[in-house]
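# Architecture at a glance
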Amino acid sequence: MDLLPRSPGEFGSARYWDRFFRQRGQRPFEWYGAFPELCPVLHKYVRPRDKVLVVGCGNSELSEQMYDMGMCEDITNIDISDVVIHQMQEQSGKKRPKMSYLVMDMLQMDFPDAQFQVVLDKGTLDAILTDEEEATLAKVDKMFAEISRVLQVGGRYLCVSLAQAHVLKKAVEYFSQEGWVVRVHQVASTGDKQQFVLPIFIYVMTKFRKILGSAPQILEICQETQEKPMRVESTEQLVAAVKDRQHYALLCSQLSKMPCGEQVSLDLCDRESGRPRYTLHVVDSPSMKPSRDNHFAIFIIPQGRETEWLFGMEEGRKQLATSAGFRRLVTVALHREQHYEGMAGIQAELSAKVMELAPPGLPARQQVPFLSAGGDIGVRAVRHCDTSPLSGEYVVEDVKGDGTCYFRRLIFLRNRNVVQSEARLLPSMPPQGQKKRRKDKKKPSPAEPPAAIDKSYLCCEHHKAMVAGLCLLGGPDPLPGTPLSVLVVGLGGGSLPLFIHDYFPQAHVAVVEIDPSMLEVATRWFGFSQGDRMQVHVSDGLDYVATLAAEAPAHYDAVMFDVDSKDLMVGMSCPPPAFVEKAFLQKVKTILKPEGVFVLNLVCRDARLKDSVLATLREVFPLLYARRIEGEVNEILFCQPSAEGRQDTTELGARARALEGALRQRGRPWDSSYMLADVLQAVKIL
């Protein structure tokens, strides 16, 4: 039976609705929203003594259920269809004497002004406002004007809607301009399979006397069980907030029916500030054999560890889900701007929400475990926040790593999941001669990280590989005792140039950094300092190299590029594209000594762009080695201006072992994870 109109305009036709209800018969027709779902919101705004007008009532059971539940009895129902009004009079009139049904056009009602305390509309506005044609909008304006006329001051227009953007925008703009308070409630689902996947909303427009002049708009939104509404500043923000909830409902519906082929991510925001509080990734392992207890789990990523490969990369999260042994794992990252009350507080806050992401086939009343690395939520202490004209907002923070070590990190908030610079912190030691604390004294907080930088340790794997590139330099003498001239473009926290300065006592290091804010950050927070063998030049690396090529060719033993791109739209985040253009690379080659080495940190996700960069490098440098950083996008390229010094991986490994031995003999601390031989034996000659 075809009950749909031939065109959306027929929704406003009495003839169409007469035919519709004759064909449908006595069966009630509910657009959406069963009474148990709507009741909690309606109870807030409909009082037992209110006079209620239901516009476009059709044969919905909503009025009858409100009457029978004692919510209110003085209910007047109107509809333009004579057929449905006659049906409802026969069906309900004798059972509910205080409720009436009238044939009436809501665009031109016969009621006197200020007759009702509540006007209730369940899907009628959605049915009329099918498009944004001039005639449709004029009809809606007439509808709103009539509703406004028959409502008392302080009365409420309650509109049940799917909240399509153009419908919500029209209603909010009209009534807020009239000085009414507008509040939008998301209706809580009963958990049953709904006819509509999209969530249902109730607009609550409360009538106030219109104030001459510009009165502030009051626009609010309530999500499901939230008691306190959230204030928004504009119609656009309100529409966007509703759209976010609709997208979330669609996502939950899809996830409840089938495993997701790709990882799905979403942010859950703080209600007060609107800022992200949790970032969730849904990871499915459909090939895993199902059992009673392996359906679903939540993994809380300790604060500060969200950038690690296991948690921050798609392949890492897949491995985590497999290791955890669950068919669906939801990883939860915590945001630095937020405060958390421990694992129990997070579990209480997230329990209801994450169950909306449960997989198909989850047994009823199944206990869903909350997991974490180390059993806690980690430690994060923000040390410094600021904004740079060149790098944007950035933050310096101390985080607890895996185990007992603490690390200091520099994060650019435009790319908050990437650690720009990192340094290990030394354990706090009491001053010499200080007595032990008495047992009754308060112990230091375990959440308080140490402050001193461990300059002997390189945190970043790509920095270790870049240092290993110095083994490519020729000469019979042990490298640490050989005079070196090194240029590093890109300072960051200063870990790389500082390490070269400290471990190679004959090295003179020049650093070029375009952002003066980064020099201040490195000096204040990462233990960086300048001296006779370390000089920083605040300049554009392109200009500095070009000037040097013209004035002082063959100047450096090693040139290292570790500079990020500010343009996030390019598929290469390091270096900026101008640094790998052929003409500029020719200048880099010019400032290198004939036996020198150019070391480039390349981070490129665009395969075609990467191939182009490698082809350009080959045109300029006859000898090219590449070293992939495991678990990361970084690839370190070692480029030499002459092919005469070509060495195989065995020779490179031998030189690296000699370097390691020389460094240890000089009595400097040397972390056991520094195996330069392993780094260079893994290189690929391009």
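Thresholds applied
- Within each chain, residue numbers correspond to sequence positions counted from 1 in written order.
- pLDDT decides what is reported in this predicted model: residues at 70 or higher carry local features, side-chain atom pairs at 80 or more are listed and counted, and totals for whole chains, interfaces and linings draw on all residues regardless.
- The basis for every side-chain value is the complete set of non-hydrogen atoms in the structure, without hydrogens or water.
- UniProt positions are given in the numbering used here, feature names are shortened, and annotations may be inferred rather than shown by experiment.
- Here a strand is any run of E in DSSP of at least two residues, a helix any run of H or I of at least four, and the numbering for each starts at the N terminus.
- Partly exposed describes any residue whose relative accessible area lies between the buried limit of under 20% and the exposed limit of over 50%, with all areas from a 1.4 Å probe on protein chains only and scaled to the type maximum.
- Should any heavy atoms of two residues lie within 4.5 Å, those residues are counted as being in contact.
- The protein chains shown are the only cover counted for residues, whose accessible areas, like all others here, come from Shrake-Rupley with a 1.4 Å probe.
- To define a nonpolar core, start from buried Ala, Val, Leu, Ile, Met, Phe, Trp, Tyr and Cys residues and group those joined through side-chain atoms within 4.5 Å.
- Definition used for salt bridges: Asp or Glu carboxyl oxygen within 4 Å of a side-chain nitrogen of Lys or Arg.
- Two strands form a pair only when DSSP identifies at least two bridges running between them.
- Where helices are involved, their axes are fitted lines through C-alpha atoms of the stretch in contact, as for all axes, and angles between N-to-C directions lie from 0 to 180°.
- Under the rule applied, a polar contact is a pair of N or O atoms within 3.5 Å (in protein, one hydrogen donor and one hydrogen acceptor; residues adjacent in sequence only if both atoms are side-chain atoms).
- Geometric relationships in this document are graded by angle, where less than 35 degrees denotes roughly parallel, more than 145 denotes roughly antiparallel, 65 to 115 denotes roughly perpendicular, and other angles denote oblique.
- Throughout, a crossing is termed right-handed when the near helix is turned clockwise from the far one, and left-handed when it is turned anticlockwise from it by less than a right angle.
- Throughout this entry, Asp, Glu, Lys and Arg are counted as charged residues, while Ala, Val, Leu, Ile, Met, Phe, Trp, Tyr, Cys and Pro are counted as nonpolar. The remaining residues, Gly among them, count as polar.
- Aromatic pairs are defined between Phe, Tyr and Trp rings, using the six-membered ring for Trp, whenever the two ring centres lie within 6.5 Å; interplanar angles under 30 degrees are classed as stacked, those over 60 as edge-to-face, and all others as tilted.
- Two thresholds decide whether a charge sits over a ring: the Lys NZ or Arg CZ must be within 6 Å of the ring centre and within 35 degrees of the ring normal.

Looking up the protein in an unreviewed UniProt entry gives the name eEF1A lysine and N-terminal methyltransferase, with the organism given as Eubucco bourcierii. The heading Sequence similarities (unreviewed entry) in the UniProt record of the protein holds the text "Belongs to the methyltransferase superfamily."

Take the overall build of the protein next. Across its full length, the protein carries 19 helices and 27 strands. Counting over 686 residues, the protein shows a buried share of 51%. Considering only residue pairs separated by 6 or more positions, the protein has 71% of its internal contacts joining residues 24 or more positions apart. Split by element, the accessible area of the protein, about 33100 Å² in all, is 51% carbon and sulfur.

If you look at the biggest cluster of nonpolar residues, it comprises 42 residues, and the most contacted ones within it are Leu53, Leu125, Met143, Phe144, Tyr157 and Tyr203. Excluding its chain neighbours within four sequence positions, the residues that come into contact with Leu125 are Val140, Met143, Phe144, Tyr157, Cys159, Val167, Ala171 and Tyr203. Listed in part, the 38 residues of the second largest apolar core include Leu472, Leu498, Ala656 and Leu659.

So, about the pattern of salt bridges. This model, assessed by the stated rule, comprises 29 salt bridges. Among the salt bridges present, the one from Arg380 reaches Glu306, with a minimum N-O distance of 3.2 Å. You can see Arg380 sitting in strand S15 (residues 380-388) and its partner Glu306 sitting in the loop between strand S12 (296-300) and helix H9 (309-312), a full 74 residues away along the chain. Each member of the pair, Arg380 as well as Glu306, carries the same accessibility label: buried. With a shortest N-O distance of 2.9 Å, Arg409 and Glu422 are connected by a salt bridge.

If you walk across this open sheet you meet the 5 strands as S10-S11-S13-S12-S14, and the pairing is mixed. Strands with a single pairing partner mark the edges of an open sheet, and in this sheet they are strand S10 (264-269) and strand S14 (370-372). Looking at each pair of strands side by side, their axes are set apart by 25° on average, direction ignored. Relative to strand S11 (residues 276-284), S10 runs antiparallel, the two being bridged by 6 bridges. Across the sheet, the residue bridging to Asp267 is Thr279, located in S11. Together, S10, S11 and strand S13 (328-334) form the strand contacts of helix H8 (residues 235-257), whose direction differs from that of S10 by roughly 135°.

What follows covers the side chain of Ser495. Tracing the sequence through the fold places Ser495 in helix H13 (residues 495-503). Overall, the relative accessible area of 15% leaves Ser495 in the buried class. A polar atom in the side chain of Ser495 sits 3.4 Å from the backbone oxygen of Glu422.

This part is about the sheet that holds strand S5 (residues 151-161). The 9 strands lie next to each other as S3-S2-S1-S4-S5-S7-S6-S8-S9, forming an open sheet whose pairing is mixed. Edge positions in the sheet fall to strand S3 (100-103) and strand S9 (230-232), since each has one partner strand and no second. Pairwise comparison of adjacent strand axes, ignoring direction, gives a mean angle of 20° for this sheet. Note that strand S8 (residues 219-223) and S9 share 3 bridges and pair antiparallel. Residue pairing for S9: Ile221 is matched across the bridge by Met230. Seen against the sheet, H8 touches strand S6 (181-186), strand S7 (201-206), S8 and S9 and runs at an angle of roughly 15° to S8.

The next subject is the packing of helix H12 (residues 461-468) against H13. At a minimum axis separation of 10 Å, H12 and H13 run at an interaxial angle of 40°. One element, H12, and the other, H13, form an angle in the oblique class. In the packing of H12 onto H13, the handedness of the crossing is right-handed. The segment H12 lies against H13, with His463, Met466 and Val467 engaging Ser495, Leu496 and Phe499. Its residues assigned to classes, the contact of H12 with H13 comprises 4 nonpolar, 2 polar and no charged.

Summarising the sheet, S15 and strand S16 (residues 392-400) pair through 8 bridges and their orientation is antiparallel. Across the sheet, the residue bridging to Asp386 is Tyr394, located in S16. Counting the residues in the hairpin turn of S15 and S16 gives 3 residues. With 7 bridges joining them, S16 and strand S17 (residues 406-412) adopt antiparallel strand pairing. In the strand pairing of S17, Asp398 is matched with Arg408. Count of turn residues in the S16/S17 antiparallel hairpin: 5 residues, of which Gly403 carries a positive phi of about 110°.

Relative placement of two packed helices is described by the angle separating their axes and the distance separating the axes. Two numbers describe how helix H6 (residues 134-150) lies on helix H7 (residues 165-177): the axes approach to 11 Å, and their chain directions differ by 50°. With respect to each other, H6 and H7 are oriented oblique. Crossing geometry of H6 relative to H7 is assigned as right-handed. Where H6 abuts H7, its residues Leu137, Val140, Asp141, Phe144 and Ala145 lie against Lys170, Ala171, Tyr174 and Phe175. Split into classes, the residues belonging to the contact of H6 with H7 amount to 7 nonpolar, no polar and 2 charged.

By the secondary structure assignment, Arg408 is in strand S17. We classify Arg408 as buried; its relative accessible area is 5%.

Quick look at the environment of Glu146 now. Within the element layout of this structure, Glu146 appears in helix H6. It is 9.5 Å that separates the C-alpha atoms of Glu146 and Phe111, two residues lying 35 residues apart in sequence.

The next point concerns the packing of aromatic side chains. By the definition in use, this model includes 15 aromatic pairs. Ring centres of Phe175 and Trp180 lie 4.6 Å apart, and the angle between their planes is 45°; this geometry places the pair in the tilted category. Accessibility assignment for this pair places Phe175 and Trp180 in one class, buried. The rings of Phe144, Tyr157, Tyr174, Phe175 and Trp180 are connected pair by pair, giving a single aromatic cluster. One Lys or Arg, Lys51, reaches over the ring of Phe116 and ends 5.9 Å from the middle of that ring.

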